[in-house]
Amino acid sequence: MVGAAERVLRGNWIEGERDGVPYAYTRPSPGRYPWQWYWDSCFAAIVWRRFDPARSRAELGSLLAAQRDDGFVGHTIFWHRPVSLGRLAFYNVASRRALQTETIQPPLLAWAWRIAVGDPAAEPRIVAQADWLVANRDLEGDGLLWIVQPDESGLDASPKFDPVWGRRAAARIGFPLLVRRNRRLGFDARRVRESGGLVLCETLVNTMWSLSLQALGRPSATPALVERLWDEQRGLFLDEVQPGGERPAVLTWAALAPLALPDLPERIGRRLVEEHLLSEREFLTPVSPPSVAVSEPSYEPGGGRGPMRRYWRGPTWVNAAWLVWLGMRRLGYEEEAGRLARGLIGVVEREGLREYYDPRSGTGLGAEDFAWSALIAELVDP
Ligand code: GLC
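Described in the following lines is the structure provided in the data block. (Residues numbered from 1 in each chain as written. Predicted model: local features only at pLDDT ≥ 70, side-chain atom pairs only at ≥ 80, totals over all residues. Heavy atoms only, no water.)

**So, the pattern of salt bridges**
Operational definition: One speaks of a salt bridge when a side-chain nitrogen belonging to Lys or Arg is within 4 Å of a carboxyl oxygen belonging to Asp or Glu. Only runs of H or I of at least four residues qualify as helices and only runs of E of at least two qualify as strands under DSSP, and these elements are numbered from the N terminus. Here's how the labels work: a residue is buried when its accessible area is under 20% of the maximum for its type, exposed when over 50%, partly exposed in between, all with a 1.4 Å probe on protein chains only.
As enumerated under the stated definition, the model contains 28 salt bridges in all. Between Glu140 and Arg193 there is a salt bridge, and its shortest N-O distance comes to 2.9 Å. Taken as a pair, Glu140 in the loop between α5 (124–137) and α6 (162–165) and Arg193 in helix α8 (residues 189–194) lie far apart in primary sequence, 53 residues in all. In this structure Glu140 comes out as partly exposed when scored by relative accessible area, which is 34%. If you follow the salt bridges from partner to partner, you end up with Glu140, Asp142, Arg193, Arg228 and Glu240 in one network.

Given below as structure tokens:
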């Protein structure tokens, strides 16, 4: 199993040079995803530390090599070839020749660095990226970040974004209009907001952000996350949309993601586990946790139909399983955590490292040789 993880990471590794800048990273899946994706790289780097720690540093170092002078690091870096024409309308680039997108992905770089490389506070470029996020995305000054598009969360077409962006949500017909509008505004969150666009304080992004802040030795964002997004009545974290302050209540695994936070109040963690993660009506499936609760009308465990790939609408992803499993173990749910791990390990053994899995049968779906599914090694050998 751990051997399969290593084999995929090695097979997906690519090295090269662009305009004199060397790069090296793990392609999420060589056929389908050739470029460097920010959060995929962070997960890959975490697993690389087991096999070849120099590659953890090189992988994250390549993200930093793409950093703009102002500290920004994009969602996707197009190292060796520009974004294809067919994808241009869906990719958040300023121009076809751009090195990277103008949008972000969940900011877990500092946390990944801490796990796989060393002290992120000693790397000025990581500090500069954190400063960029504070300056540009902490719109309300409470330490939480806001996103301008659903794909900035990494959870592209999750149904939790349907009530927010409607027909302009990712993988919907109007998504290119959202991209075009934000492109005109320079993907600048303040400008988006000022011109009447929507911004979202999203749970997963802020969970990753809080982990990174703590890795940097800065004050944690967890108290602000609880203050702003915890819904005491439902026992869940719910995003907030501005303007309007709406709190869409579509139940997805992201509502449970704060379980990964070591400083999450224990009472809250227990409610997430006992009322949701271990509920058969919601997230307790044979291969758990599904990306969308079984109780949701939008739950599509088979990965959806039709020509358009719609991610995060039901199937189980290994990174999500790992993050909630961290919380289950921290809170002492050893047996239940073991059951979750065994369910997924068996399926990955049988089906290989796929992009995601049917939460009922474990059938492997989406891309093959998918890099971050190598996180299964964390579940096998914590
Ligand atoms: C899909 C996923 C996103 C991931 C990317 C590359 O767009 O939704 O989270 O980063 O693929 O694997």
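Next comes the rest of the write-up.
**What about the nonpolar core?**
Here is the rule: In these notes, a set of buried Ala, Val, Leu, Ile, Met, Phe, Trp, Tyr and Cys residues joined through side-chain atoms within 4.5 Å is what counts as a nonpolar core. Residue contacts follow a heavy-atom distance rule, with two residues in contact if any of their heavy atoms lie within 4.5 Å.
Ranked by internal contacts, the top residues of the largest apolar core, which has 134 residues, are Trp39, Phe237, Trp253 and Trp322. Ranked by residues supplied to this core, first place goes to helix α2 (residues 38–51) with ten residues. Residue contacts for Trp253: discarding those within four places in its chain leaves Leu155, Leu204, Phe283, Pro290, Ser291, Trp312, Ala320, Leu323 and Val324.

**Here's the deal with the site of the ligand**
Heads up, the rule is: If a single non-hydrogen atom of a residue is within 4 Å of a molecule or strand, that residue counts as near it. Side-chain atoms alone can form a polar contact between residues adjacent in sequence; in general such a contact is a pair of N or O atoms within 3.5 Å, and within protein one must be able to donate a hydrogen while the other accepts it. Accessible surface is estimated by sampling points in the Shrake-Rupley manner with a 1.4 Å probe; for residues, cover comes only from the protein chains shown. Gly is put with the polar residues, along with every residue not named as nonpolar or charged; the nonpolar set is Ala, Val, Leu, Ile, Met, Phe, Trp, Tyr, Cys and Pro, and the charged set is Asp, Glu, Lys and Arg.
The local shell around the ligand consists of Pro28, Tyr33, Trp37, Trp39, Asp40, Gln105, Gly154, Asp156, Trp312, Phe370 and Trp372. Trp39 has a polar side-chain atom sitting 3.0 Å from an oxygen atom of the ligand. Contact between the ligand and Gly154: an oxygen atom at 2.6 Å from a main-chain N or O atom of the residue. Its free accessible area being 310 Å², the ligand has 96% of it covered by the protein chains. Tallied by class, the residues present in the shell around the ligand amount to seven nonpolar, two polar and two charged.

**Here's the deal with the packing of aromatic side chains**
Just so we agree on the cut-off: In this analysis, rings of Phe, Tyr and Trp, with Trp reduced to its six-membered ring, are considered paired at centre separations within 6.5 Å, and the interplanar angle assigns stacked below 30 degrees, edge-to-face beyond 60, and tilted for intermediate values. Throughout this description, the term charge over a ring refers to an Arg CZ or Lys NZ atom that lies within 6 Å of the ring centre and within 35 degrees of the ring normal.
Applying the stated criterion across every chain yields a total of 26 aromatic pairs. For the ring pair Phe72 and Trp132, a centre distance of 4.9 Å and an interplane angle of 65 degrees mean the geometry is edge-to-face. Of the two residues, Phe72 sits in the loop between α3 (53–65) and β4 (76–77) while Trp132 sits in helix α5, which places them 60 residues apart along the sequence. Neither Phe72 nor Trp132 differs from the other in exposure class; each is buried. The lysine or arginine in question, Arg193, covers the ring of Trp146, its NZ or CZ lying 6.0 Å from the ring centre.

**Description of unusual backbone geometry**
Residue Pro243 follows Gln242 across a cis peptide bond; omega there is 0 degrees. Here Pro243 shows up in the loop between β8 (240–242) and α11 (266–277). Cis peptide bonds are those with omega within 30 degrees of zero, and the linkage from Ser288 to Pro289 qualifies with 0 degrees. Along the chain, Pro289 turns up in the loop between α11 and α12 (318–330). At Asp19, a residue that is not glycine, the phi angle is positive and equals roughly 45 degrees. Tracing the chain through its elements places Asp19 in the loop between β1 (13–18) and β2 (21–26).

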